[in-house]
Amino acid sequence: SVSLAWGAAMFWYMHDAMHIRGFWMETSPLLRSWFLRARRRHDIHHMDLVDSGRMVYNYGICFFGFDRIFGTLASEHRRFNLEGLEAAKRRYAYVYQFTASLPRP
């Protein structure tokens, strides 16, 4: 039950929180610094693509100890990989065809 609770907290609640501006942890004096660092690393997870079009860094969402252990931790953004983006568009074309026409914020 601890594993299920941890999974629910990290992969449902916290993952969604990383995508919400003004989330309560962002304004909490005790958690703000940690949350903003975690959000920055989570952004790296979504933005750093390898040539095959996959995201291979920062899977820890808000507990990056596992990323350190498995060598998947990235603390800095790399130069944007256009080749990786095109590979991702080809690989996930079935999803991209539905999202490409959505309005961007």
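Predicted model, so just to flag it, every value in this text is computed and none were measured.

Novice: Just checking my understanding: could you explain the overall build of the protein for this structure?
Specialist: Of the regular secondary structure elements, the protein holds 6 helices and 0 strands. If you line up the protein on its principal axes, its C-alpha atoms span 40 × 35 × 30 Å. The buried share among the 105 residues of the protein stands at 31%. A separation of at least 24 residues holds for 48% of the contacts in the protein among residues at least 6 apart in sequence. In the structure as shown, the protein presents an accessible area of about 7600 Å², 64% of it carried by carbon and sulfur atoms. Here the protein holds 14 positive side-chain charges and 9 negative ones, and the gap between their average locations is 2 Å.

Novice: Hey, could you run me through the packing of helix α1 (residues 2–17) against helix α3 (residues 32–47) in this one?
Specialist: For any two helices packed against each other, the geometry is given by the interaxial angle and the distance between the axes. Put simply, α1 and α3 touch, their axes get as near as 10 Å, and they point 95° apart. Relative to α3, the element α1 is oriented roughly perpendicular. Contact residues: Met14, His15 and Ala17 in α1; Trp34, Phe35, Arg39, His42 and His46 in α3. Looking at the contact of α1 with α3 residue by residue, the class counts come to 4 nonpolar, 3 polar and 1 charged.

Novice: Where do I start with the side chain of aspartate 67 in this structure?
Specialist: Its location among the elements puts aspartate 67 in helix α4 (residues 65–70). At 7.5 Å, arginine 41 is the nearest oppositely charged side chain to aspartate 67, a buried residue that forms no salt bridge. With near-sequence residues (within four places) excluded, aspartate 67 lies in contact with Asn58, Tyr59, Gly60, Thr72 and Leu73.

Novice: How should I be thinking about the pattern of salt bridges in this particular structure?
Specialist: Where charged atoms of side chains with opposite charge meet at close range, the side chains can pair. Taken as a whole and assessed by the stated rule, the structure comprises 4 salt bridges. Of the charged contacts, one joins glutamate 86 and lysine 89 as a salt bridge, the two residues approaching to 3.6 Å between their closest N and O atoms. In this pair, glutamate 86 and lysine 89 are both assigned in helix α5 (residues 82–91), 3 residues apart and thus about one turn of the helix distant. According to the relative accessible area criterion, glutamate 86 is partly exposed, its value standing at 37%.

Rules and cut-offs
- Residues numbered from 1 in each chain as written.
- Predicted model: local features only at pLDDT ≥ 70, side-chain atom pairs only at ≥ 80, totals over all residues.
- Heavy atoms only, no water.
- Helix = DSSP H or I, 4+ residues; strand = E, 2+ residues; numbered from the N terminus.
- Buried < 20%, exposed > 50% of the residue type's maximum accessible area, 1.4 Å probe, protein only.
- Contact = heavy atoms within 4.5 Å.
- Areas by Shrake-Rupley, 256 points an atom, 1.4 Å probe, with all protein chains shown as cover.
- Lys, Arg positive; Asp, Glu negative; His and termini not counted.
- Charge placed at Lys NZ, Arg CZ, Asp CG, Glu CD.
- Axes fitted to C-alpha atoms, helices over the stretch in contact; angles between N-to-C directions.
- Parallel < 35°, antiparallel > 145°, perpendicular 65-115°, else oblique.
- Nonpolar A, V, L, I, M, F, W, Y, C, P; charged D, E, K, R; others polar.
- Salt bridge = Lys/Arg side-chain N within 4 Å of Asp/Glu carboxyl O.

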